[in-house]
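# Inside the fold
Letter by letter, the chains look like this.
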Amino acid sequence: MDRDATCWCGDLSVTLRGEPTLVSSCCCTRCQRRTGSFFGVTVYFHPDQMVARRGTPANFQRPDGVTTFNFCPRCGSNVWWSSPEWGDVLGVAGGAFADPTLPSPKRMVFTATRHPFVCVPEGVPEYEDGPPE
Ligand SMILES: [Zn+2]
Ligand SMILES: [Zn+2]
């Protein structure tokens, strides 16, 4: 199945082929600031599953060099990101799919900074800190 991940204005869009390797939600304070929401959702794919569709991203590299974020230079939406520490996966913003049929998150990480009203769905493992190895 092909799914498109697109920024708010539509200038930046990529197609993801096949199923994600993992869908994960994260309550860390960096994801809160990055998204403007109370948690971020990362949909992981292998890099070769992603095909450029439209636009050229602007980039922001975290000062520690761990993660590079790709966002729309016009509207600012963060569409995907990658890290050399992750091996053969990149992360795509769950909301960029705007698709309720997207598989739901299979874990929630950094719940130490979870806002109290954000519920952990029944059966979804939660981790106070980072993801398990
Ligand atoms: Zn845009
Ligand atoms: Zn996070």
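A short tour of the structure in this document, coming up. Model, not experiment: these values are computed from the prediction.

What counts, and at which threshold
Residues numbered from 1 in each chain as written. Chains lettered and ligands numbered in written order. Predicted model: local features only at pLDDT ≥ 70, side-chain atom pairs only at ≥ 80, totals over all residues. Heavy atoms only, no water. Donors = N, O, S within 2.8 Å, 3.2 Å for Na, K, Ca; no water. Tetrahedral: all angles 85-135°; square planar, octahedral: opposite > 155°, others 65-115°. Helix = DSSP H or I, 4+ residues; strand = E, 2+ residues; numbered from the N terminus. Buried < 20%, exposed > 50% of the residue type's maximum accessible area, 1.4 Å probe, protein only. Core = buried A, V, L, I, M, F, W, Y, C linked by side-chain atoms within 4.5 Å. Contact = heavy atoms within 4.5 Å.

### Considerations on the coordination of the zinc ion (ligand 1)
Coordination of the zinc ion (ligand 1) by the protein is provided by Cys7 (SG), Cys9 (SG), Cys72 (SG) and Cys75 (SG), with metal-donor distances spanning 2.3 Å. Of note is the zinc ion (ligand 1), whose four donor atoms meet at the metal with angles of 107 to 116° in an arrangement that counts as tetrahedral. As a motif over one chain, the donors of the zinc ion (ligand 1) read C-x1-C-x62-C-x2-C. Here the residue Cys7 occupies a position in the loop between strand E1 (2-6) and strand E2 (13-17), and Cys72 occupies one in the loop between strand E7 (68-71) and strand E8 (78-82), the gap between them amounting to 65 residues. Residue class for Cys7 comes out buried when judged on its relative accessible area of 6%.

### A look at the coordination of the zinc ion (ligand 2)
In the first shell of the zinc ion (ligand 2), the protein supplies Cys26 (SG), Cys28 (SG) and Cys31 (SG), at 2.1 to 2.3 Å from the metal. Positions of the donor residues of the zinc ion (ligand 2) along the chain correspond to the pattern C-x1-C-x2-C. Across the pair, Cys31 and Cys26 agree in class, each one buried.

### Describing the nonpolar core
Core analysis: the biggest nonpolar cluster contains 20 residues, and Ala5, Val14, Leu16, Val79, Trp80, Val92 and Phe97 have the highest contact counts within it. Elements with a minimum of two residues in this core: E2, strand E4 (40-45), E8 and strand E9 (90-93). Not counting chain neighbours up to four residues away, the residues in contact with Val92 comprise Ala5, Leu16, Val41, Thr42, Val43, Phe45, Val79, Trp80, Trp81 and Phe97.

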